[in-house]
Amino acid sequence: MTPLTIALLAFSMSADAFVASIAKGSRNQQTPSIATAVGRGLLFGTVETIAPLIGWLLGRAATRYVETWDHWIAFALLAGVGLHMIYVAFHNTDSAPRKRSAFTLVATAVGTSIDATAVGISLAFLDVNILAIALAIGAATFAMTTTGTLLGGVLGRRFGNIFEILGGVILVCMGIFILAEHTT
């Protein structure tokens, strides 16, 4: 994968965490402190770094059984996750303000990392540096979650779903690219 592809993947994997942080920021009556935003960024970034590594390990364990159609698996996982992100963006009706506990925040971080786990599985079938990719995803998630938390009040009301849709479209395009690369 090229540095540009890794960057696109990292930011598309961070889109749902970014949207979640925007939503959380937009639900608050006051702007969160920088410490709160950085703490949230560290939590989400750490979880998002670990998720593709777990997925990659699971995928590597299954590689020898599926080598002849691994590109189809990568395509299906990336396209499926991307289409799900787009679907959620159009069907998310959760706009009521709520107080969230630490448990809910951790559950949200884990929930937003499921797509990164699926991507990690698909990357196991390709010749990639998973550690570099996982660190890029974690760093992008840290930056986007921290920023989203701070800017949530403004961005959440205006652009929240656009970021989720963009991330989904990027993942679908990456799946198509992988499929085209291996079938031509």
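Scoring rules and cut-offs
- Residues numbered from 1 in each chain as written.
- Predicted model: local features only at pLDDT ≥ 70, side-chain atom pairs only at ≥ 80, totals over all residues.
- Heavy atoms only, no water.
- Helix = DSSP H or I, 4+ residues; strand = E, 2+ residues; numbered from the N terminus.
- Buried < 20%, exposed > 50% of the residue type's maximum accessible area, 1.4 Å probe, protein only.
- Contact = heavy atoms within 4.5 Å.
- Areas by Shrake-Rupley, 256 points an atom, 1.4 Å probe, with all protein chains shown as cover.
- pLDDT = per-residue confidence, 0-100.
- Axes fitted to C-alpha atoms, helices over the stretch in contact; angles between N-to-C directions.
- Left-handed = near helix turned anticlockwise from the far one by under 90°.
- Nonpolar A, V, L, I, M, F, W, Y, C, P; charged D, E, K, R; others polar.
- Phe/Tyr/Trp six-rings, centres within 6.5 Å; stacked < 30°, edge-to-face > 60°.
- Core = buried A, V, L, I, M, F, W, Y, C linked by side-chain atoms within 4.5 Å.
- Parallel < 35°, antiparallel > 145°, perpendicular 65-115°, else oblique.
- Patch = residues over 30% accessible without salt bridge, like charges linked within 9 Å, V, L, I, M, F, W, Y side chains within 5 Å.
- Salt bridge = Lys/Arg side-chain N within 4 Å of Asp/Glu carboxyl O.

Enquirer: Looking at this model, I keep getting lost on the overall build of the chain. Mind explaining?
Expert: Tallying secondary structure elements over the chain gives five helices and zero strands in all. Its helices and strands in sequence order give the chain the pattern α-α-α-α-α, from N to C terminus. Classification of the 184 residues of the chain by burial places 46% in the buried group. Across the chain, every contact between residues at least 6 apart in sequence was considered, and the portion connecting residues at least 24 apart equals 97%. Counting only carbon and sulfur atoms, one obtains 70% of the accessible surface of the chain, whose full area is about 9,500 Å².

Enquirer: How should I be thinking about the environment of Phe75 in this particular structure?
Expert: Inspection of the secondary structure puts Phe75 in helix α3 (residues 70–91). Overall, the relative accessible area of 25% leaves Phe75 in the partly exposed class. In this structure, Phe75 is in contact with Gly80, Gly175, Ile176 and Leu179, ignoring residues within four places of it in sequence.

Enquirer: Could you clarify how one ought to interpret the confidence of the model for the chain in this entry?
Expert: Close inspection of predicted coordinates is inappropriate in any region flagged by low pLDDT. Residues of the chain with pLDDT of at least 70 account for 83%, and the chain-wide mean is 81. Summarising per-element confidence for the chain, the mean pLDDT is lowest in α3 (79) and highest in helix α2 (residues 34–66) (90).

Enquirer: Just checking my understanding: could you explain the side chain of Ser122 for this structure?
Expert: As for its position among the elements, Ser122 is in helix α4 (residues 102–123). In contact with Ser122, other than residues within four places in its own chain, are Ala74, Leu77 and Leu78.

Enquirer: What should I look at first to understand the packing of α2 against α4 in this one?
Expert: Each pair of packed helices gets described by two things: the angle between the helix axes and the distance between those axes. With their axes 7 Å apart at the nearest point, α2 and α4 run at an angle of 35° to one another. By crossing handedness, the relation of α2 to α4 is classed as right-handed. Considering only residue class, the contact of α2 with α4 consists of 14 nonpolar, seven polar and three charged.

Enquirer: Quick question: what am I supposed to make of the packing of aromatic side chains here?
Expert: Ring pairs (aromatic) are described by centroid distance and by the angle formed between their planes. Under the definition given, this model contains one aromatic pair. Taken together, a centroid distance of 6.4 Å and an interplanar angle of 90° make the contact between Trp72 and Phe75 edge-to-face. Pair noted here: Trp72 and Phe75 are both in helix α3, with a separation of three residues, about one helical turn.

Enquirer: Help me out: how do you make sense of the nonpolar core in this one?
Expert: For soluble globular proteins, the rule of thumb is that nonpolar side chains tend to be buried together. Residues Leu9, Met13, Leu78, Val119, Leu123, Ile133 and Leu171 are the most contacted members of the largest nonpolar core, which totals 23 residues. Of all the elements in the fold, those that place two or more residues in this core are α1 (3–27), α3, α4 and α5 (130–183). In terms of residue count, the dominant contributor to this core is α5 (seven residues). With residues near it in sequence (within four places) discarded, Leu9 still touches Met1, Val119, Leu123, Ile133, Leu171 and Met174.

Enquirer: Which parts of the structure should I look at to understand the packing of α3 against α4?
Expert: Direction vectors running N to C along α3 and α4 enclose 165°, while the axes themselves pass 8 Å from each other. On the basis of their axis angle, the class for α3 and α4 is roughly antiparallel. With respect to the hand of their crossing, α3 and α4 are arranged in left-handed fashion. Of the residues in α4, those in contact with Ala74, Leu77, Leu78, Val81 and Met85 of α3 are Asp115, Ala118, Val119, Ile121 and Ser122. When its residues are assigned to classes, the contact of α3 with α4 shows eight nonpolar, one polar and one charged.

Enquirer: Looking at this structure, how should I read a nonpolar patch on the surface?
Expert: There is a patch of nonpolar side chains on the surface, built from Ile34, Leu150 and Leu151 and spanning about 260 Å² of accessible area. Secondary-structure assignment places Ile34 in helix α2.

Enquirer: What is the right way to read the environment of Leu8 from this model?
Expert: When you line up the elements, Leu8 lands in helix α1. What makes Leu8 partly exposed here is its relative accessible area of 39%. Taking C-alpha positions, Leu8 is 9.5 Å from Ile137, a pair spaced 129 residues apart along the chain.

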